[in-house]
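# Fold and contact review
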Amino acid sequence: MDYSNLDPLTETYGIPFYLQYLAHWPEYFIVAEAPGGELMGYIMGKAEGSVAREEWHGHVTALSVAPEFRRLGLAAKLMELLEEISEKKGGFFVDLFVRVSNQVAVNMYKQLGYSVYRTVLEYYSASSGEPDEDAYDMRKALSRDTEKKSIIPLPHPVRPEDIE
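Residues numbered from 1 in each chain as written. Predicted model: local features only at pLDDT ≥ 70, side-chain atom pairs only at ≥ 80, totals over all residues. Heavy atoms only, no water.

By the naming in an unreviewed UniProt entry, the chain is N-alpha-acetyltransferase 20, taken from Patagioenas fasciata monilis. Regarding the chain, the UniProt comment filed under Sequence similarities (unreviewed entry) reads as follows: "Belongs to the acetyltransferase family. ARD1 subfamily." The record held by UniProt for the chain lists under Subunit (unreviewed entry) the comment "Component of the N-terminal acetyltransferase B (NatB) complex which is composed of NAA20 and NAA25." (UniProt positions renumbered as here; feature names shortened; annotations may be inferred.)

See the structure below:
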């Protein structure tokens, strides 16, 4: 895993975290491998939320592409695969969290049809005395959300403890 997390903006988790995702949501754990066996990138996510409140959705937990395999459309393909899985599971939308400062990623997600649903204040914990960083909760409506209600932006920022 660490090989693809050379980008300091990609969250790195402990092995138990990855294994939990692999055990609970194996269909949301997709690895791209080069013909020579090198890890090109991966995406991991899950299905979560309430169906009754029209909040059942796919969630992107991590997306990472190794530096030498960037700018080839791999991240877009991995996102597309996760969206297809979420569509098949009857999700209303797909969401993800991204650092406000990560403009490259924010712009890529916008190109893929995502929009900022809300800002989550101090979502990312900082190290070495730096201030915590805000996140954008970005969403893309799926076909089940015919009125696109799930992506209507919230007018005010929220705190991490306010996220369900």
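### Examining helix 2 (residues 74-88)
Counted at 1.5 Å a residue, the expected span for helix 2 with its 15 residues is 21 Å, and the 21 Å between its end C-alpha atoms agrees. The complete set of buried residues in helix 2 reads Leu74, Ala75, Leu78, Met79, Leu82, Glu83, Ile85 and Ser86. In this fold, the buried residues of helix 2 make contact with strand 1 (29-33), strand 2 (39-48), strand 3 (57-65), strand 4 (93-99), helix 3 (103-111) and strand 6 (133-141). After helix 2 finishes, the residue Gly90 shows a positive phi value of roughly 80°. (Helix = DSSP H or I, 4+ residues; strand = E, 2+ residues; numbered from the N terminus. Expected span 1.5 Å × (residues − 1). Buried < 20%, exposed > 50% of the residue type's maximum accessible area, 1.4 Å probe, protein only. Contact = heavy atoms within 4.5 Å.)

### Overview of the packing of aromatic side chains
Here the structure, examined in full by the defined rule, presents 7 aromatic pairs. With a centroid separation of 6.4 Å and 75° between ring planes, the pair formed by Tyr18 and Tyr42 is classed as edge-to-face. Highlighted residues: Tyr18 in helix 1 (residues 15-24) and Tyr42 in strand 2, separated in sequence by 24 residues. What makes Tyr18 buried here is its relative accessible area of 5%. (Phe/Tyr/Trp six-rings, centres within 6.5 Å; stacked < 30°, edge-to-face > 60°.)

### Some remarks on unusual backbone geometry
Positive phi is not limited to glycine here, since Glu122 has a value of about 50°. In this structure, Glu122 sits in strand 5 (residues 115-124). Residue class for Glu122 comes out partly exposed when judged on its relative accessible area of 40%. You will see that Lys148, though not glycine, has its phi angle at about 55°, which is positive. By the secondary structure assignment, Lys148 is in the segment after strand 6. Classification of Lys148 by relative accessible area gives partly exposed; the value is 41%.

### Considering the pattern of salt bridges
Tallied over the entire structure, the rule returns 8 salt bridges. Residue Glu161 is joined to Arg159 by a salt bridge in which the shortest nitrogen-to-oxygen separation is 3.5 Å. The class for Glu161 is exposed, based on a relative accessible area of 60%. Note on Arg159: relative accessible area 31%, which makes it partly exposed. (Salt bridge = Lys/Arg side-chain N within 4 Å of Asp/Glu carboxyl O.)

### Focus: the side chain of Arg139
Tracing the sequence through the fold places Arg139 in strand 6. Although Arg139 lies buried, it forms no salt bridge, and the closest oppositely charged side chain, Asp137, sits 4.1 Å away as judged by the N-O distance. Of note is the side chain of Arg139, whose polar atom sits 2.8 Å from the backbone oxygen of Ser150. Sequence-distant contacts of Arg139, that is, excluding residues within four places in its chain, are made with Phe93, Val94, Asp95, Gly113, Tyr114, Ser115, Tyr117, Arg118, Ser150 and Ile151. (Lys, Arg positive; Asp, Glu negative; His and termini not counted. Polar contact = N/O pair within 3.5 Å; in protein donor to acceptor, adjacent residues only side chain to side chain.)

### Some points on the side chain of Asp145
Take Asp145: it is sitting in the segment after strand 6. Lacking a salt bridge, the buried Asp145 has Lys149 as its closest oppositely charged neighbour, with an N-O distance of 6.4 Å. Once residues lying within four places of it in the same chain are set aside, the contact partners of Asp145 are Phe92, Ser150 and Ile151.

### Topic: the sheet that holds strand 5
On the basis of which strands lie adjacent, the open sheet formed by 6 strands has the order 1-2-3-4-6-5 and mixed pairing. The sheet is open, and its two borders are formed by strand 1 and strand 5, each paired with just one other strand. The mean angle between the axes of side-by-side strands here comes to 25°, regardless of whether they run parallel or antiparallel. Relative to strand 6, strand 5 is paired through 6 bridges, and the arrangement is antiparallel. Looking at the pairing, Tyr124 lines up with Glu133 of strand 6. Those strands touched by helix 1 are strand 1, strand 2 and strand 3, and its axis lies near 65° from that of strand 2. (Pairing = 2+ DSSP bridges. Axes fitted to C-alpha atoms, helices over the stretch in contact; angles between N-to-C directions.)

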